[in-house]
Amino acid sequence: VLELLRGVQRGSEDRKRSLSRLRWALQNKETQQKFVRLDGSIRTLIGLFTSSLADMQMEAGRCLHELSHSSDPAVAEACLPVTSYLLTYLSGHSVEFTELCLYTLGNLVVESEAVRKQLLPQGIIPVLASCIQSPHEAVLEGLGYVLSQLLQAKEAPAEIIPLVLDSVLPKHMLQLVCSGLKAGIGAAVEFAWCLHYIVCSHTASAALLSLGALPALASLLLDLASDIPQDAPEGLELLVCPVLRCLSNLLAEETGCQGQIQDERLLITLFLILQCFFQHHPFIVQECLWLLNNLTADEPFFCSALLALDLLPALLQLLPCSQMASVLV
């Protein structure tokens, strides 16, 4: 490890080769720990990461990315000096480099509260808010990854979610989730989970409802159901799951907001989704039933529609599915 670091520091023609070898070496947990303990190691990487040579910059970025995968908080904290540069480079022109910086940030955020506490005053939320207008699917998916990691932090309800709600992020997240079938399912999945984490914080339901989250997500389910019987795209269940949860939990949080989505087609949609995913993705059954439960709770419109559309026999067929499904049925 020391020899590779010296090769990188010497500035010889072999520097790029030493960097590439270092990147492969840093895939090992023990090597990561040894590397960050070496004097000047992170400083050297940052020097190359901020250099004007694009290929050297990218290779140094890949080394930092490997370090960010470490589950050792000491390794993440050794990377603290690089966070401001990672944020700065999110406004760059190379999609590949921006994507690399986003995933490095996301990995560091998971492992270290110290990193999260440093990123907030450095302005990570405004930077992500400007990034969310990128036309590139890969950038949006990486951004969704960073945001979902931030929103799962234990301090998120008090320190992170208020900053997110004060930005343009929720509006754009909702738009990207609802255009997921056209724009790209990867980013839509990430942002759907982001919305779910915001709802679960019990601090933001009113803000999401004021953005029209209920009718927008219900409309997305209607669109999904109109497509899936013929040809369900790969990974569609990964989008359906958080969308169902968002709707369910918004309804559970706010009494009386079923009125925003009084459309009996939503019930038919739920049963079409059940039928489509029942065999290969049985976890979706529970999500659909939880939404059905919250739609019909103290709500004569949906109770009457369930009976009028003769959906009770289909509901009864789900009794043997699982213990949780039978309780919900």
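A few points on the structure. Keep in mind that this is a model prediction, so the values were computed, not measured.

### Concerning the state of the cysteines
Within this structure, the stated rule accounts for 0 disulfides. Of all cysteine sulfurs, the one in C101 lies closest to C131, which takes part in no disulfide; the gap is 9.7 Å. Left without a disulfide partner, C276 is nearest to the cysteine sulfur of C288, which lies 10 Å away.

### Section: the nonpolar core
For soluble globular proteins, the rule of thumb is that nonpolar side chains tend to be buried together. Membership of the largest hydrophobic core comes to 114 residues, with the highest contact counts inside it found for L67, L147, M173 and F191. Leave out the neighbours within four places in its chain, and L67 touches L26, Q32, F35, V36, I42, L45, V75 and C79.

### Section: the side chain of S112
With respect to the helices and strands, S112 occurs in the loop between α8 (95-111) and α9 (113-119). Relative accessible area serves as the criterion here: at 1%, S112 is assigned to the buried category. Within the structure, S112 has its side chain in polar contact with the backbone nitrogen of V115 (distance 3.0 Å).

### Section: a nonpolar patch on the surface
Among the surface-exposed residues, L307, L312, L316 and L319 lie close enough to one another that they form a single nonpolar patch of about 360 Å² accessible area. Positionally, L312 belongs in helix α22 (residues 312-316).

### Regarding the pattern of salt bridges
Per the stated rule, a full pass over the model turns up 9 salt bridges. Where E96 meets R62, a salt bridge forms, and the shortest distance between an N and an O atom there is 3.2 Å. Of this pair, E96 sits in helix α8 while R62 sits in helix α5 (residues 54-68); the two residues are 34 residues apart in sequence, bridging distant segments of the chain. R265 is the partner of D263 in a salt bridge, and the nearest nitrogen-oxygen pair spans 2.7 Å. Ionic contacts of the salt-bridge type, sharing partners, join the residues R23, E59, R62 and E96 into one network.

### Some words on helix α20 (residues 283-296)
With 14 residues, α20 extends 21 Å from end C-alpha to end C-alpha; this agrees with the ideal 20 Å at 1.5 Å per step. Buried residues dominate α20, accounting for 10 of its 14 residues. Inspection of α20 places I284, V285, E287, C288, L289, L291, L292, N294, L295 and T296 among the buried residues, and these make up the whole buried set. Those residues of α20 that are buried lie in contact with α17 (213-227), α18 (236-253), α19 (265-277), α21 (300-308), α22 and α23 (323-328). The first or second residue beyond α20 is D298, which carries a positive phi of 50 degrees.

The rules behind each value
- Residues numbered from 1 in each chain as written.
- Predicted model: local features only at pLDDT ≥ 70, side-chain atom pairs only at ≥ 80, totals over all residues.
- Heavy atoms only, no water.
- Disulfide = S-S within 2.5 Å.
- Core = buried A, V, L, I, M, F, W, Y, C linked by side-chain atoms within 4.5 Å.
- Buried < 20%, exposed > 50% of the residue type's maximum accessible area, 1.4 Å probe, protein only.
- Contact = heavy atoms within 4.5 Å.
- Helix = DSSP H or I, 4+ residues; strand = E, 2+ residues; numbered from the N terminus.
- Polar contact = N/O pair within 3.5 Å; in protein donor to acceptor, adjacent residues only side chain to side chain.
- Patch = residues over 30% accessible without salt bridge, like charges linked within 9 Å, V, L, I, M, F, W, Y side chains within 5 Å.
- Areas by Shrake-Rupley, 256 points an atom, 1.4 Å probe, with all protein chains shown as cover.
- Salt bridge = Lys/Arg side-chain N within 4 Å of Asp/Glu carboxyl O.
- Expected span 1.5 Å × (residues − 1).

Geometric descriptors of this kind do not, in isolation, establish any biological role.
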